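# Breakdown of the fold
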Amino acid sequence: MFSVELVVDGAADAAVRADWAALVEAGLPSQARHTGVSNRPHVTLALSATAAEPVRERLAAVARDLPLPVTAGSVLVFGGRQFVLARLAGPAVELLDLQRRVVEALDDPVDRHGTFTAGAWTPHLTLARRLTAAQIAAALPVLGPAGVPGRLHRMRLWDMTERQEHWLT
């Protein structure tokens, strides 16, 4: 299984990392607790069961439109029994179009819940996963301000099985 992701840089990267650190300091779940070298703020565009060379070539062609501006925006909460805490990745028409083209470039897209379908996808930067409602309430006051600008500057394939990143730009 592969995810196609855009990596953020600039002040938006620093703001997300500061949020990660603030959550840790508050004793809450945080993406900062994932200490792998590949853990960095990113926006997931799609999932795919496979990523053969023709797919990688098509994705690299889409990635030529990078960089794109992005804003680490308002806080979002996804979920039901457990929650995901994230920041909106300042949506722009160009980002929505790029995501659609990424999905079209895949041979075997995986979208069990319809979250990567055009019009249903919410671009976001994940701060923490598997939070309870009480943890969400505790997290909100420790997060930094919204509206921090940055760029989506590189595209990668994350191989979930091998735990390796493959850069497309």
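Residues numbered from 1 in each chain as written. Predicted model: local features only at pLDDT ≥ 70, side-chain atom pairs only at ≥ 80, totals over all residues. Heavy atoms only, no water.

### Re the nonpolar core
Within the largest apolar cluster, 46 residues are counted, with the highest numbers of intra-cluster contacts made by Leu45, Leu59, Leu85, Leu98, Val102 and Met155. Looking at which element gives the most residues to this core, the answer is helix H1 (residues 10-25), with five residues. Excluding residues that lie within four positions of it along the chain, Leu59 makes contacts with Val4, Val102, Ala105, Leu106, Met155, Leu157 and Leu168. (Core = buried A, V, L, I, M, F, W, Y, C linked by side-chain atoms within 4.5 Å. Buried < 20%, exposed > 50% of the residue type's maximum accessible area, 1.4 Å probe, protein only. Helix = DSSP H or I, 4+ residues; strand = E, 2+ residues; numbered from the N terminus. Contact = heavy atoms within 4.5 Å.)

### Describing the pattern of salt bridges
Applying the stated criterion to the full structure yields eleven salt bridges. Between Asp9 and Arg151 there is a salt bridge, with the nearest N and O atoms lying 2.6 Å from each other. Here the residue Asp9 occupies a position in strand S1 (residues 2-9), and Arg151 occupies one in strand S7 (residues 148-159), the gap between them amounting to 142 residues. Classification of Asp9 as buried rests on a relative accessible area of 17%. Of the residues examined, Arg151 reaches a relative accessible area of 38% and is grouped as partly exposed. Among the ionic pairs, Asp97 bridges to Arg101, the shortest N-O distance being 3.1 Å. Within this pair, Asp97 and its partner Arg101 are both found in helix H3 (residues 93-105), separated by four residues, close to a single helical turn. Residue classification places Arg101 among the partly exposed residues on the basis of a relative accessible area of 22%. (Salt bridge = Lys/Arg side-chain N within 4 Å of Asp/Glu carboxyl O.)

### A look at H1
Counted at 1.5 Å a residue, the expected span for H1 with its 16 residues is 22 Å, and the 23 Å between its end C-alpha atoms agrees. Here H1 has its buried residues at Ala12, Asp13, Ala15, Val16, Asp19, Trp20, Ala22 and Leu23. Along its buried surface, H1 packs onto S1, strand S3 (68-79), strand S4 (83-89), strand S6 (124-131), helix H4 (133-139) and S7. Two residues or fewer after H1 comes Gly27, characterised by a positive phi angle close to 75 degrees. (Expected span 1.5 Å × (residues − 1).)

### Brief notes about H3
Every α-helix carries 3.6 residues per turn, so stepping three or four residues along brings you back to the same face. Here H3 is 13 residues long and its end C-alpha atoms lie 18 Å apart, about the 18 Å a rise of 1.5 Å per residue gives. Of the surrounding secondary structure, the elements contacted by the buried residues of H3 are S1, strand S2 (42-48), helix H2 (53-63), S3, S4 and S7.

### Regarding the packing of H2 against H3
Describing two packed helices takes the angle between their axes plus the distance from one axis to the other. Following both chains from N to C, one finds H2 and H3 inclined at 165 degrees, their axes separated by 9 Å at the closest point. As judged from the angle between their axes, H2 and H3 are roughly antiparallel. Judged by the twist between their axes, the crossing of H2 over H3 is right-handed. Every residue of H3 that contacts H2 at Val55, Arg58, Leu59 and Val62 is listed here: Leu98, Arg101, Val102 and Ala105. Taken together, the residues of the contact of H2 with H3 sort by class into six nonpolar, no polar and two charged. (Axes fitted to C-alpha atoms, helices over the stretch in contact; angles between N-to-C directions. Parallel < 35°, antiparallel > 145°, perpendicular 65-115°, else oblique. Left-handed = near helix turned anticlockwise from the far one by under 90°. Nonpolar A, V, L, I, M, F, W, Y, C, P; charged D, E, K, R; others polar.)

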